Every structure is written in C-alpha cells, then in structure tokens.
Amino acid sequence: MSQHLIQVTDLKKHYNRGAIKALDGVSVNIDRGDVMVIIGPSGSGKSTFLRSLNLLEEPTGGSIMFDGIDITKKKTRNADGKLVKVDIDQHRQKMGMVFQHFNLFPHMTILDNMTLAPIQVKHMNRAAAEEKALNLLARVGLQDRAGAYPIQLSGGQKQRVAIVRALAMEPEVMLFDEPTSALDPEMVGEVLDVMKELAAEGMTMVVVTHEMGFAREVGNRVLFMADGKLLEEGTPEDIFTNPQHPRLQDFLSKVL
Amino acid sequence: MFTAAGFAKTWEYITLFKQGLICTVALSLLTVIFGFILALVLAVMRLSDIRPLRFLALTPDGHLREQGFLTLLSRFNPVSFLATVYVEIFRATPMLVQLFIIYYVVLGDVDFPSYKLFGFIRFDRFVPGVVALAMNSGAYLSEIIRAGIQSIDGGQTEAARSLGLSQVQNMRFIILPQAIKNILPPIANEFVTIIKESSICYTIGVQEIMYAVTSTKGATYRIAEPLVVATVVYFCLTFPTSKIIAYFERRMSVGDKRNGGDGKPKKARMKIRQASILRSQGGPEGFSFHAGGEKEE
C-alpha cells in the first residue's frame, strides 16, 4: 500500500472530553532505516506518542498504518477483502520497545529474559533461542552474565540487556522511551554506544531522549513536540542550528 | 484436672485421633486446592475489564463524556461485581452459618453415595465440609491473590506485551510467578487458618480431630486429656506447615526485586507481609487483605 513503514495520521489522545490533549493531531511518516529522535519539554506528549505506536496507549483518534495495516482498528480487510481481526500481539512482535526503567523480568535469568518471547511467541526451539540470545549478549559484551539475575546487574548493563531482549524478536523497528534517563551519568555512554551501533546497522529507530548529543550525532530526523503537537521536524542541522519555532528556540536555549 | 488415668483412658481411643488427623489433613488439602482455584477465578474476575455499557460514556460524536451518571454506568463490570458480592458475603458472615447453609440447605437434598473415604470418612459429611471450607477460604485467598497481582509493577506487563506476549502468557510467565512469591507468606497463613478452621466441621459430623475429642469424651467422661491430645496434634500440623512454606519462600526469593531495579528494597513484599501479620494479630486496618472484619469463628 504505502511506501512508509509506519504512517501516522492525525493521531489524537484526549482525556476528559478533550480538556487534556496528550496528543493533538500528530502526523508523521517513518521509513525503513530512519533514526527518528523526538525531543521536547516534559509533558509534551513524546512518550505518549511513542507508546501509541505499539498501542501501549490507545489513541482516541487518528490512525497508525504499520506495514499497510491500520493497527488502531480492531478489524481490517485482508487481501481478499474479508474483514479480519487485527492481531496487535503480532504487530508488537515487530516493534521492539526499550523502557526508561528497563522492565527486565526480575524472576528470570538474563538468558530466560531473552528467550521467553522467542520460545513462547515465535515457537523457536530452546537451543536455537539460547544460541541467538548468547550471540546478542556477546554483541553488547555481556555473554558472561547470561546466568545472572537482573538484580545483579548495573543500570547500564540492564538497559543493554533490555535492548538485546527486544532485538531477539527480530523487530522491524525499535522504540526507545528515554532509555538513558534512569541511568547514572557514567553509564549513559555504554547504552548510547549500543544504540549508535544499532543505527549504523540500519535498524529503524524511534527514540525519545533528552540526550541532545545523541540526537545530533545519530538521528537523521529530529522531531520537536510540545503540548501534544508536532511543532517542528527536520534534519539535526535544521533543528539545532537553525530552529524556526519560538518554542523550539526557547527549549534549545534551556537544554544546550 | 489432668490425671495419668485420664490419659491412659484417652489412649485407648487413639485410633479415633489418628483417623481424625488423616481426616483433617485430607479436609485441609482439598480445601486449599479447591479454595485456591476458586480464588484465582475470583481474582481474575475482579481484575477483569469487562464493561458492556462502555458505549454509554461516549457522546453521539464519539468523544468521551466528562462525567455524570452515564459515565458511572459505563464503568459497571458485571463480572467483577458478582465476584465482589461473593467475596463480601463470605467475609461478612460466620463460617458456622455458611457451613450449616451448605450442609442442610444447599446440599441437603443431594444423595451422596454411602462411600467411605479411607474406609472411615463419611462422604455425605465430608463433601459438604470441603465445599463450605473451600468457598469460604476462596473468598479470603482471592483478596490475597488480587493484592499480589496488583503489587507487580505495570512496567512488567508493558514489557511483556511489547515483546508480543498475549495477555494470558503475560499472566502465566510474568505476573503470576512474581505475584505468587509475594503472596506466599499470607497464603501460608491462610493454609494454617484452614487447618484450624476445619475443626468447625465436627458440627456436621465430619470425623476430624475435634470429632475424636467429643467421641472420646462421650466414652470416657474425660474432657481435659482429649483436648490436650487435640491441641498437640493441631500444633504438630500447623507449625511445620508454616515452616515448610517459609523455607520455599526463601528459596524462591532469588533474584527478587520490584521495578526492574532502581535500587528499591523489597518494599511491596514487606508491606504484604506486614498486612498478614497485622491480620493475624487483629491489628489496625488500612493496608489489610481482610479489611472489613476479622475472620469469624
């Protein structure tokens, strides 16, 4: 249908009959290989937007086309024109998500954290899933922690595990919800390095962050949001060296 | 009060106590199994999000109403309501009344086979006893399970769902294993309570330990010594039970932590433990699984 991987049209999330507009008509297209960084003051709707992409927040209006299917609808027409149910679990498999607070499963080892979804959802056999998990852990330098429990890891290590846990499902797009905001300053770098590597490999990424350096260096598109609206969009050069909107100018003067 | 002769006489009826012990254990085990299953169902019912009148909250143009009567109606969840009614009724009425209603009224006209479990436990008394105890403890256990499920950080569900796990898989692999760990102490408490409360079943003629006491009393005209024996037997049942569960609790607590690890201690768990201690001491309300009254005898 469309060329875009994700096509968001007029996305709205209203509370209290529109008295609170967390998202107020956001439209954006995300293409394969994009590294889209969303910045903005807190309460601007960045996280709500990101969480809407895999329906952790249910929008109250608008549409999200993912691989040509509107995932905000309960039902859709398939190739034969028949109405079929939209299986959100299936779409979520294709969208990896990394959270601010890691959300590793504390009762499982790192290896089990990583193999649970591939085994239960993708029905991989255990040996293959574990081999894949160990390879991924090796990529982030944590292969020797496979048998550890999340409580035994530092914050940076946890977030690296959370990233490869999402990667184990071979997603088409990775969503990052302030992945470094809960980390001690000295651990931010190790997580950003993993993300940079991922971007270099061509992974499609949507990143909500306060790390302006990362946005500038790694992002190929930067979105500025405020009050639930998408106020400005452009390349990192546009946004950081030549901001147009007064809100963006104001925001940058505070954070840079 | 106690005499050696009295104990000697009581000893002649020790078979009754042995049978009583077997009966009490069978009664408690079946109660905890059926009670737990019932409690799981009740807890899931109470946490469900089934709102058939949801559409009432929408204005004709499809927006959410701000507030008002229709919004209240739209939140009505019949499944959760039924479960709540059940739990509140069973927690607010005496166990003895529930037992009599089930034995004389609900199951009064049911013809049970004249089968005897282990050769001596009368089926027509035993089954109503299990049903009554399980229905009662199910109400209490469901509150414990509900609190345990709600104590798990919402981020866990979000992470599981974002990996593509279904709601059921999330419950099975992520939420319940962690919740069970949190609620083991209060469940152990409840199991011990069940063992003790099963004694009430002697009023409908279930041959458990208290039944042995009254039988021995009738035959020997001694009451103090049979009661001592019963006390010892009950203690030997409940004390190891709580110790065994405490052992499993320690073993399961490996890697335990809330919130995916921002350095917070086992707060949720301590809270739940406190609640169960408060309950057993009849302590103040507030954070209590059994808010709304102590368990009646």
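Remember, it's a predicted structure, so these values are computed and weren't measured experimentally.

Calculation criteria
- Note that residues are indexed from 1 along each chain, following the sequence as it is written.
- Chain letters and ligand numbers both follow the written order, the letters beginning at A and the numbers at 1.
- Whole-chain, interface and lining totals are the exception, using all residues; otherwise, since this is a predicted model, local features are given only for residues with pLDDT of at least 70 and side-chain atom pairs are given and counted only at 80 or more.
- Only hydrogens and water are set aside when side-chain values are computed; all heavy atoms of the structure are taken into account.
- A run of DSSP states H or I qualifies as a helix once it reaches four residues; a run of E qualifies as a strand once it reaches two. Both are numbered from the N-terminal end.
- For every residue, the accessible area obtained with a 1.4 Å probe (protein chains only) is divided by the maximum for its type, and the residue is called buried under 20%, exposed over 50%, and partly exposed between those limits.
- Note on areas: Shrake-Rupley, 1.4 Å probe, and residue coverage restricted to the protein chains presented here.
- With the radius of gyration taken over C-alpha atoms, the globule rule is written as 2.2 Å times the number of residues to the power 0.38.
- We call two residues in contact whenever any of their non-hydrogen atoms come within 4.5 Å of each other.
- Scored from 0 to 100, pLDDT reflects the predictor's confidence in each residue.
- Pairs of strands are assigned from DSSP output, requiring at least two bridges between the strands.
- Between N-to-C directions, angles cover 0 to 180 degrees, with each direction set by a line fitted to C-alpha atoms, over the stretch in contact for helices.
- Basic side-chain nitrogens of Lys or Arg form a salt bridge, by our definition, when they fall within 4 Å of a carboxyl oxygen of Asp or Glu.
- Classification of ring pairs uses Phe, Tyr and Trp, with its six-membered ring standing for Trp, and accepts pairs whose centres are within 6.5 Å; under 30 degrees between planes counts as stacked, over 60 as edge-to-face, and the remaining range as tilted.
- Crossovers are described as right-handed under a simple rule: with the strands pointing away from the observer, the path leading from the first strand over the helix to the second runs clockwise.

Chemist: How would you sum up the overall build of chain B? Please name residues and give values.
Modeler: If you tally the helices and strands in chain B, you get 11 helices and 2 strands. The 297 residues of chain B split such that 45% are buried. Carbon and sulfur atoms make up 66% of the accessible area of chain B, which totals about 15,000 Å².

Chemist: Residue-level account of the overall build of chain A, with values.
Modeler: Looking only at helices and strands, chain A features 9 helices and 12 strands. In summary, chain A has a C-alpha radius of gyration of 19 Å against a globular reference of 18 Å for 256 residues, a match within 12%. Going through the 256 residues of chain A one by one, you find that 55% of them count as buried. Restricting to contacts in chain A with at least 6 residues of sequence separation, those with at least 24 account for 64%. Here chain A displays about 10,900 Å² of accessible surface, and carbon together with sulfur accounts for 46% of that area.

Chemist: So what's going on with the confidence of the model for chain B? Which residues, and what values?
Modeler: Residue and element names in this part refer to chain B. Averaged over every residue, the pLDDT of chain B is 81; the share at 70 or more is 81%. Least confident of the elements in chain B is helix α11 (residues 267-280), whose mean pLDDT is 48; most confident is helix α5 (residues 95-106), at 94. Contacts for the low-pLDDT stretch residues 273-297, under 50 throughout, to residues beyond four places or in other chains number 46 contacts. Reported confidence for the predicted complex is 0.89 by ipTM and 0.74 by pTM.

Chemist: A description of the environment of A:Met124 should follow, citing residues and the corresponding values.
Modeler: All names here are of chain A. Inspection of the secondary structure puts Met124 in the loop between α3 (110-120) and α4 (126-139). Spatially, the C-alpha atoms of Met124 and Arg32 are 26 Å apart, while their sequence positions differ by 92 residues. In this structure Met124 touches Pro118, Ile119, Ala129 and Lys132, once residues within four positions along its chain are discounted.

Chemist: I'd like a description of the sheet that holds strand β11 (residues 221-226) of chain A, backed by residues and values.
Modeler: Two strands in a sheet stick together by hydrogen bonds in their backbones, pointing the same way (parallel) or opposite ways (antiparallel). All names here are of chain A. Pairing within the open sheet is mixed, and its 6 strands lie in the order β8-β9-β10-β3-β11-β12. Where the open sheet ends on each side, the last strands, each with one partner, are β8 (95-98) and β12 (229-234). Taken over all neighbouring pairs, the strand axes of this sheet differ in orientation by 20° on average, direction set aside. Across 4 bridges, strand β3 (residues 35-39) lies against β11 in parallel orientation. From the neighbouring strand, Ile38 faces β11, where its bridge partner is Leu223.

Chemist: Give me the lowdown on the pattern of salt bridges, citing residues and values where you can.
Modeler: Taken as a whole and assessed by the stated rule, the structure comprises 27 salt bridges over all chains. For the salt bridge of A:Asp24 with A:Lys229, the shortest nitrogen-to-oxygen distance reads 3.3 Å. With A:Asp24 in strand β2 (residues 20-30) and A:Lys229 in strand β12, this pair connects stretches of sequence that are 205 residues apart. On the accessibility criterion, A:Lys229 (38% relative accessible area) is partly exposed. A salt bridge links A:Lys94 to A:Asp67; the nearest nitrogen and oxygen atoms lie 3.9 Å apart. Here the residue A:Lys94 occupies a position in the loop between α2 (88-93) and β8, and A:Asp67 occupies one in the loop between β4 (61-66) and β5 (69-70), the gap between them amounting to 27 residues. Looking at A:Lys94, the relative accessible area reads 27%, which means it is partly exposed. Look at the salt bridges and you will find they share partners, linking B:Arg46, B:Glu88, B:Arg91, B:Glu143 and B:Arg146 into a network.

Chemist: Could you give an account of unusual backbone geometry, naming the residues involved and the relevant values?
Modeler: Residues and elements named next belong to chain A. Phi is positive for Asp67, close to 55°, though the residue is something other than glycine. Asp67 sits in the partly exposed class, given a relative accessible area of 31%. Phi at Asn103 takes a positive value of approximately 55°, unusual for a residue other than glycine. One can find Asn103 in the loop between β8 and α3.

Chemist: Would you mind going over the sheet that holds strand β1 (residues 6-15) of chain A in detail, with residue names and values included?
Modeler: Residues and elements named next belong to chain A. Spatial ordering of the open sheet is given by β2-β1-β4-β5, a layout of 4 strands whose pairing is antiparallel. For this open sheet the edge positions go to β2 and β5, each flanked by a neighbour on one side alone. One ladder, built from 8 bridges, connects β1 with β2; its direction is antiparallel. Paired with Lys12 across the strands is Asp24, a residue of β2. Running at roughly 60° to β2, helix α1 (residues 46-53) makes contact with β1, β2 and β4 of the sheet.

Chemist: Run through the packing of aromatic side chains, naming residues and quoting values.
Modeler: When we look at a pair of aromatic rings, we describe it by the centre distance and by the angle of the planes. Residues and elements named next belong to chain B. Scanning all chains against the criterion turns up 7 aromatic pairs over all chains. Here the aromatic rings of Tyr103 and Tyr104 are separated by 4.8 Å at their centres, their planes lie at 70°, and the arrangement is edge-to-face. Given a relative accessible area of 16%, Tyr103 falls into the buried group. Both rings, one in Phe235 and one in Phe239, keep their centres 5.2 Å apart while their planes meet at 10°; by these two values the pair is stacked. Highlighted residues: Phe235 and Phe239, both in helix α10 (residues 224-252), separated by 4 residues, approximately one helical turn. Here the aromatic residues Phe100, Tyr103 and Tyr104 are joined through ring pairs into a cluster of three or more.

Chemist: Just give me the short version of the pairing of strand β9 (residues 173-177) of chain A, but keep the residues and values in it.
Modeler: Residues and elements named next belong to chain A. Of all 5 residues in β9, 5 are buried, a share of seventy percent or more. Residue alternation in β9 divides its side chains into two sets, Val173, Leu175 and Asp177 and Met174 and Phe176, and both sets are buried. Inspection of the sheet shows β8 paired to β9 by 4 bridges, in the parallel sense. Bridging across to β9, Val98 finds its partner in Phe176. As judged from the 5 bridges shared by β9 and strand β10 (residues 204-208), these two strands associate in the parallel manner. Across the sheet, the residue bridging to Phe176 is Val207, located in β10. Regarding topology, helix α6 (residues 185-200) serves as the crossover connection from β9 to the parallel β10, and that connection is right-handed.

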